[in-house]
Amino acid sequence: MKFLKFCSVLLTLSWLSLANGAMADNNGEVLYNQYCSVCHGVIGQGDDRWPGLNDTGDMTAPPHNEKGHTWRHSSDDLVKMTLMGHRDPYNATEILTMPAYEGLLTEHQVLSIIEHIKSWWTPDQIENQRKLNQ
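Note that the coordinates shown come from a computational prediction; the quantities given were computed from them, not determined experimentally.

(A) Up close: the packing of helix α2 (residues 28-35) against helix α5 (residues 107-118). Following both chains from N to C, one finds α2 and α5 inclined at 95°, their axes separated by 8 Å at the closest point. Taken together, α2 and α5 sit at an angle that is classed as roughly perpendicular. Across the interface between the two elements, Gly 28, Glu 29, Leu 31 and Tyr 32 from α2 touch Gln 109, Ser 112, Ile 113, His 116 and Ile 117 from α5. In the contact of α2 with α5, the residues fall into 4 nonpolar, 4 polar and 1 charged.

As C-alpha cells, this is what we get:
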C-alpha cells in the first residue's frame, strides 16, 4: 500500500512538473527574455544604435516597444519573420538581420511572445495592429 501511495505521489509530482514546464514554454515574457531580449532589449528598447548600422553595415535590432515599428506588422508577418528569419534588404551583408527560430520555437510560442511585446504598445498601436490581423 505504501508503494502505491509513493507511486501515486511520484506520478502527480511528475505531471505537475511537466505541466509547469509546458506553461513556462508558452509564457511570452519568459520566452522573450530567453530568445529576444539579448538583441531587442529587456524592455523592448532595441539596440542603442537603432536606427543605424552595426560594424558590418547591417541594420541593428529595432525596439519592440512603443518607439519601434513592430506594431505595423501583422501577427502572421511577425511569426513568419521570427520562424523563418528576415534579412533587411539594405544590409551590406547576406546575413539574416533576424535569425530564424524555426525548430527552437513553435508558432504558438511566438504568438505568446508577441502578446508580451504588446504590453509595451500604446492603445492606438494595439488597435492598428489588430486591424492588420483582420
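(B) Focus on the pattern of salt bridges. For the structure on display, the rule yields 4 salt bridges. Among the ionic pairs, Arg 130 bridges to Glu 127, the shortest N-O distance being 2.6 Å. Of the two residues, Arg 130 and Glu 127 are both situated in helix α6 (residues 123-132); the distance of 3 residues between them amounts to about one turn of the helix. Taking the relative accessible area as the measure of exposure, Arg 130 reaches 39% and is therefore partly exposed. Look at Glu 127 and you get partly exposed, because its relative accessible area is 29%.

(C) Just the nonpolar core, in detail. Residues Tyr 32, Leu 105, Val 110, Ile 113 and Ile 117 are the most contacted members of the largest nonpolar core, which totals 16 residues. For this core, the element with the highest residue contribution is α5, accounting for 4 residues. Discounting residues that sit within four places of it in the chain, Ile 113 has contacts with Gly 28, Leu 31, Tyr 32, Cys 36 and Leu 105.

(D) Geometry of the packing of aromatic side chains. In total, this model carries 2 aromatic pairs according to the counting rule given. Relative to Trp 120, the ring of Tyr 32 has its centre 5.1 Å away and its plane inclined at 75°; by these criteria the two rings are edge-to-face. With Tyr 32 in helix α2 and Trp 120 in the loop between α5 and α6, the pair connects residues that are 88 residues apart, well separated along the chain. Given a relative accessible area of 18%, Trp 120 falls into the buried group.

(E) Representation of the state of the cysteines within the structure. On inspection of all chains with the given rule, the structure shows 0 disulfides. Among the cysteines around Cys 36, which has no disulfide bond, Cys 39 carries the closest sulfur, lying 8.8 Å off. On the basis of relative accessible area, Cys 36 is assigned to the buried category, the value being 12%. On the basis of relative accessible area, Cys 39 is assigned to the partly exposed category, the value being 43%.

(F) Spatial organisation of the side chain of His 40. For His 40, the location among the structural elements is in helix α3 (residues 37-40). Overall, His 40 belongs to the buried group, its relative accessible area being 9%. When sequence neighbours within four positions are dropped, the list of residues in contact with His 40 reads Tyr 32, Gln 45, Gly 46, Ala 61, Pro 62, His 64 and Met 98.

Procedures and definitions
- Residues numbered from 1 in each chain as written.
- Predicted model: local features only at pLDDT ≥ 70, side-chain atom pairs only at ≥ 80, totals over all residues.
- Heavy atoms only, no water.
- Axes fitted to C-alpha atoms, helices over the stretch in contact; angles between N-to-C directions.
- Helix = DSSP H or I, 4+ residues; strand = E, 2+ residues; numbered from the N terminus.
- Parallel < 35°, antiparallel > 145°, perpendicular 65-115°, else oblique.
- Contact = heavy atoms within 4.5 Å.
- Nonpolar A, V, L, I, M, F, W, Y, C, P; charged D, E, K, R; others polar.
- Salt bridge = Lys/Arg side-chain N within 4 Å of Asp/Glu carboxyl O.
- Buried < 20%, exposed > 50% of the residue type's maximum accessible area, 1.4 Å probe, protein only.
- Core = buried A, V, L, I, M, F, W, Y, C linked by side-chain atoms within 4.5 Å.
- Phe/Tyr/Trp six-rings, centres within 6.5 Å; stacked < 30°, edge-to-face > 60°.
- Disulfide = S-S within 2.5 Å.

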